[in-house]
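Secondary and tertiary structure notes
Residues per chain are reported as follows:
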Amino acid sequence: MQNNVKITNSINEFRQDFAIIANWVKFGSKVLDLGCANGELLQFLRESLEVKGYGVEKDDANLLACLQNGTNVIQMDLEDGLSGFEDQSFNTVILSQTLQAMHNTEEIVLEMLRVGQEIIVTFPNFGYWRNRAQITAGHMPVSKALPYQWYDTPNVHLCTINDFDEFCKNHNIDILERRVITDGKEVSFLPNLLGSLAMYRLKAK
Amino acid sequence: MQEINSIGIVAPQIAHFSAPLKLKSGESLPQFDLVYETYGTLNADKSNAVIICHALSGNHHVAGKYQESDKYPGWWDNLIGPNKPLDTNRFFVIGLNNLGGCHGSSGPVSINPATNKPWGSAFPILTVEDWVNSQARLLDHLGITQLAAVIGGSLGGMQALQWTIAYPERVRHALIIAAAPNLTAQNMAFNEVARQAIITDPEFHGGDYYAHGVVPRRGLRIARMLGHITYLSDDAMGEKFGRKLKDTIKYGFDVEFEMESYLRYQGDKFAGEFDANTYLRMTRALDYYDPALPFNGDLTAALKNVTAQFLVLSFTSDWRFSPARSREIVKALLDNERTVSYAEVTAAHGHDAFLMPDAHYHAILRTYLSNIDTGCGHAK
């Protein structure tokens, strides 16, 4: 499943994960991006793959940004589930670096599997060695991927790649593909130790 | 002094239609007038027109003033004008009074050409569908094939939705604000109480009070007081009036609380300027609107043929047209894979919020409207 999407430098610099996501999304397909922020991923997928995209976003300022750049945006709180969306009504449902900030983590993944034929979940790998090193040194990790202090972080459900693999196994979720990235480069050796960002393409078994 | 960005002095116009309008009820209006106002300039290819559909008590005077000394401008003046969210430098905006109204369009107060007397109870009961059909006739009259947008709040939002269903090829964008795909039983119940207040007023005379030289003021006043309660949230009323007294408790039934003073003032004002027969008909149009009904309640099926792009907007504290009802419209549009965005605006004012100049609300409308292409057939 290779789209060979050409990644412009500007996007490559700040969201390496976009390239991988773009290669997982089919041309002209229907995509739902949960926690779509200012709509930049959908805009990128629209321009590169002509997807029919919708974003879900809670924040007022992000909603305005989406309207500004012509992204279809539905304002709602993901913690309430996806009740406005029919079963299997999207080719792909994406949750990009938002899983760790969800309270109803388990529910949102199951809801995504209900609404999407395939889902993409990405999250910062808490098992990354730099995080482990900071904890060993006696501190909560603070990094580019986890830029918050313990007292102001929105992240409530951080996990490691091993944890998420186990989650998928326990929930009958088929891991179609897993890619791990550190500093814009793919990691295949000891991913749970050397990988900073974990990316999964999944479907219900 | 003229307010900055005001459209300034405006004047209403009347369009007369001599071909009959067939109504949903089976009756037909042999001829009719529509009073309307326009703001801004219609461009050469007539592709920048926006129609404003009014709610229960609204009319064609949407923006500007008739003369400098007018105390208030049109009812949605905060939205419409040069450089306002609905920018009259770009758009040609049309406001009209719906049929059955009491501000100049044919209605119960106007003269029935067949009898040379006010229509009164004989004026037919119109539906949202009928209104939209009459509005389409107005567009024909103005030579406008396709609207850049239709905008409406509350009952006006229902008309905006109906526009996209009845005339998909004539609407590029629909802005549906604080509306619902139909009324809930509770919502209709408020209408029934309002109507009963009017109909049981001894001066109603079966709707033909004009001949008796009276109006059912008491009934209309109570109907409006009830309406105002439902347009505000509990919090907004609490904040505005709380339990504040005008003076002291007097152990009687005159106005003692500020809230009572407000309701009576609103009721009296309304009863002095609005027509009871129109009020009855407007609430009935609300009750009857249900585009999903012919599809066994399936709104998705009802919206299958819409092609417009949508902005659906609701207010968190609106309990008469709650966000959940707007989300039903959004869901039906999503099911049909239509272009739609949905904003749920945090606001304390209840249903009334749609008329308030809240900064975020207006930023949403401004942003959405500024993205609308005013060139024909090139909607973004």
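Residues numbered from 1 in each chain as written. Chains lettered and ligands numbered in written order. Predicted model: local features only at pLDDT ≥ 70, side-chain atom pairs only at ≥ 80, totals over all residues. Heavy atoms only, no water.

Secondary structure summary: chain A contains eight helices and eight strands in total. Radius of gyration (C-alpha) of chain A: 16 Å, near the 17 Å computed for a compact globule of 205 residues. Counting only C-alpha atoms and orienting by the principal axes, one finds that chain A spans roughly 45 × 35 × 35 Å. For chain A, the residues scored as buried account for 48% of the 205 residues in total. Considering only contacts in chain A between residues 6 or more positions apart, those separated by 24 or more positions represent 62%. Element-wise, carbon and sulfur atoms account for 49% of the exposed surface of chain A, whose accessible area totals about 9,800 Å². (Helix = DSSP H or I, 4+ residues; strand = E, 2+ residues; numbered from the N terminus. Rg over C-alpha atoms; globule rule 2.2 N^0.38 Å. Buried < 20%, exposed > 50% of the residue type's maximum accessible area, 1.4 Å probe, protein only. Contact = heavy atoms within 4.5 Å. Areas by Shrake-Rupley, 256 points an atom, 1.4 Å probe, with all protein chains shown as cover.)

As a further point, take the overall build of chain B. Looking only at helices and strands, one finds ten helices and 14 strands in chain B. The C-alpha radius of gyration computed for chain B amounts to 20 Å, which stays within 12% of the reference 21 Å derived for 380 residues, consistent with globular compactness. For the C-alpha atoms alone, the extent of chain B along its principal axes is close to 65 × 55 × 50 Å. Every one of the 380 residues in chain B was classed for burial, and the buried ones make up 56%. Of the contacts formed within chain B by residues at least 6 apart in sequence, a portion of 72% connects residues at least 24 apart. Of the roughly 15,600 Å² of accessible surface on chain B, 54% is carried by carbon and sulfur atoms.

So, on to the interface of chain B and chain A. Each partner contributes to the interface: chain B provides 19 residues, whereas chain A provides 18 residues. There are two salt bridges connecting chain B and chain A. In this assembly, chain B and chain A are joined by 13 residue pairs in polar contact (both at pLDDT 80 or more). (Salt bridge = Lys/Arg side-chain N within 4 Å of Asp/Glu carboxyl O. Polar contact = N/O pair within 3.5 Å; in protein donor to acceptor, adjacent residues only side chain to side chain.)

Residue and element names in this part refer to chain A. Tallied over the full model, the rule gives 23 salt bridges over all chains. For R114, the salt bridge identified is with E111, shortest N-O distance 2.7 Å. Taken together, the positions of R114 and E111, both in helix α5 (residues 105–115) and three residues apart, correspond to about one turn of that helix. The exposure class assigned to R114 is partly exposed, which follows from its relative accessible area of 25%. Judged by relative accessible area, E111 falls into the buried class, the value being 15%. Here the salt bridges do not stand alone but share partners, grouping E118, E177, R179, E186 and R201 into one network.

If you roll a probe as big as a water molecule over the atoms, it shows you where there is empty space left. Residues and elements named next belong to chain B. A complete count under the given rule lists two cavities of 30 Å³ or more for this structure. For the largest cavity, the calculated volume is near 40 Å³. Among the elements that line the lining of the largest cavity, the one with the most residues is helix α4 (residues 217–231), at four residues. The residue makeup of the lining of the largest cavity, split by class, is seven nonpolar, two polar and one charged. (1 Å grid on protein atoms, 1.4 Å probe; cavity = no way out; pocket = protein on both sides within 12 Å on 5 of 7 lines; lining within 4 Å. Points joined across faces, edges and corners; volume = space filled by probe spheres on them. Nonpolar A, V, L, I, M, F, W, Y, C, P; charged D, E, K, R; others polar.)

What follows covers the pairing of strand β5 (residues 116–124) of chain A. All names here are of chain A. Burial analysis of β5 places eight of its nine residues in the buried class, the great majority of the element. The pairing of strand β4 (residues 90–96) with β5 spans six bridges and is classified as parallel. Looking at the pairing, S96 lines up with T122 of β5. Note that the unit made of β4, α5 and β5 has a crossover that is right-handed. Note that β5 and strand β8 (residues 197–204) share six bridges and pair antiparallel. Each bridged residue has a counterpart across the sheet, and for I119 the counterpart in β8 is L202. (Pairing = 2+ DSSP bridges. Right-handed = clockwise from strand over helix to strand, strands pointing away.)

Below, the discussion takes up helix α9 (residues 323–335) of chain B. Given 3.6 residues per helical turn, the α-helix brings residues three or four places apart onto the same face. An ideal rise of 1.5 Å per residue puts 18 Å on 13 residues; α9 of chain B measures up with 18 Å between its terminal C-alpha atoms. Taken together, the buried positions of α9 of chain B are occupied by P323, R325, S326, I329, V330, A332, L333 and L334 of chain B. (Expected span 1.5 Å × (residues − 1).)

Another aspect to go through is unusual backbone geometry. One non-glycine residue, E50 of chain A, lies in the positive phi region at around 50 degrees. Looking at the secondary structure, you find E50 of chain A in the loop between α3 (40–49) and β2 (52–57). Overall, E50 of chain A belongs to the exposed group, its relative accessible area being 55%. Positioned with a positive phi, S154 of chain B is a non-glycine residue whose angle comes to about 60 degrees. Structurally, S154 of chain B is set in the loop between β11 (149–153) and α2 (155–166). Take S154 of chain B: its relative accessible area is 6%, and that puts it in the buried class.

Moving on, we get to the pairing of strand β12 (residues 173–177) of chain B. Residue and element names in this part refer to chain B. Along β12, five of the five residues are buried, which leaves the element largely enclosed by surrounding structure. Here β12 shows no split at all, with H173, L175 and I177 on one side and A174 and I176 on the other all buried. Regarding the hand of the β-α-β motif, the stretch spanning β11, α2 and β12 is right-handed. Pairing analysis gives five bridges linking β12 to strand β13 (residues 309–315), with the strands arranged parallel. By the bridge assignment for β13, L175 is matched with L311.

Residues and elements named next belong to chain B. Contact pair α4 / helix α6 (residues 258–273): the axes reach a minimum separation of 8 Å and the direction vectors enclose 130 degrees. On the basis of their axis angle, the class for α4 and α6 is oblique. Like other packed secondary-structure pairs, α4 and α6 cross with a definite hand, here right-handed. The segment α4 lies against α6, with R217, L220, R221, R224, M225, H228 and I229 engaging Y262, L263, R264, Q266, G267, D268, F270, A271 and G272. (Axes fitted to C-alpha atoms, helices over the stretch in contact; angles between N-to-C directions. Parallel < 35°, antiparallel > 145°, perpendicular 65-115°, else oblique. Left-handed = near helix turned anticlockwise from the far one by under 90°.)

Membership of the largest hydrophobic core comes to 167 residues, with the highest contact counts inside it found for L45 of chain A together with W163 of chain B. With seven residues, the single largest contributor to this core is helix α1 (residues 128–142) of chain B. Once residues within four sequence positions are removed from consideration, L45 of chain A is found in contact with I21, A22, V25, V31, E50, V51 and I94 of chain A. Counting residues in hydrophobic clusters, the runner-up holds seven residues, among them M225, A236, F241 and L263 of chain B. (Core = buried A, V, L, I, M, F, W, Y, C linked by side-chain atoms within 4.5 Å.)

Glancing now at the layout of surface pockets. Residue and element names in this part refer to chain B. Put simply, the largest pocket is a space of about 1,600 Å³. Lining the largest pocket are 45 residues; nearest its centre among them are S57, W75, R224, K269 and L355. Elements supplying a minimum of two residues to the lining of the largest pocket: α4, α5 (234–240) and α6.

Now for helix α7 (residues 276–288) of chain B. All names here are of chain B. With 13 residues, α7 extends 19 Å from end C-alpha to end C-alpha; this agrees with the ideal 18 Å at 1.5 Å per step. Counting buried positions over the 13 residues of α7 gives eleven, a clear majority of the element. Listing the buried residues of α7 in full gives A276, N277, T278, Y279, L280, R281, M282, T283, A285, L286 and D287. Where α7 is buried, its residues meet α1, α2, α3 (185–199), α4 and α6.

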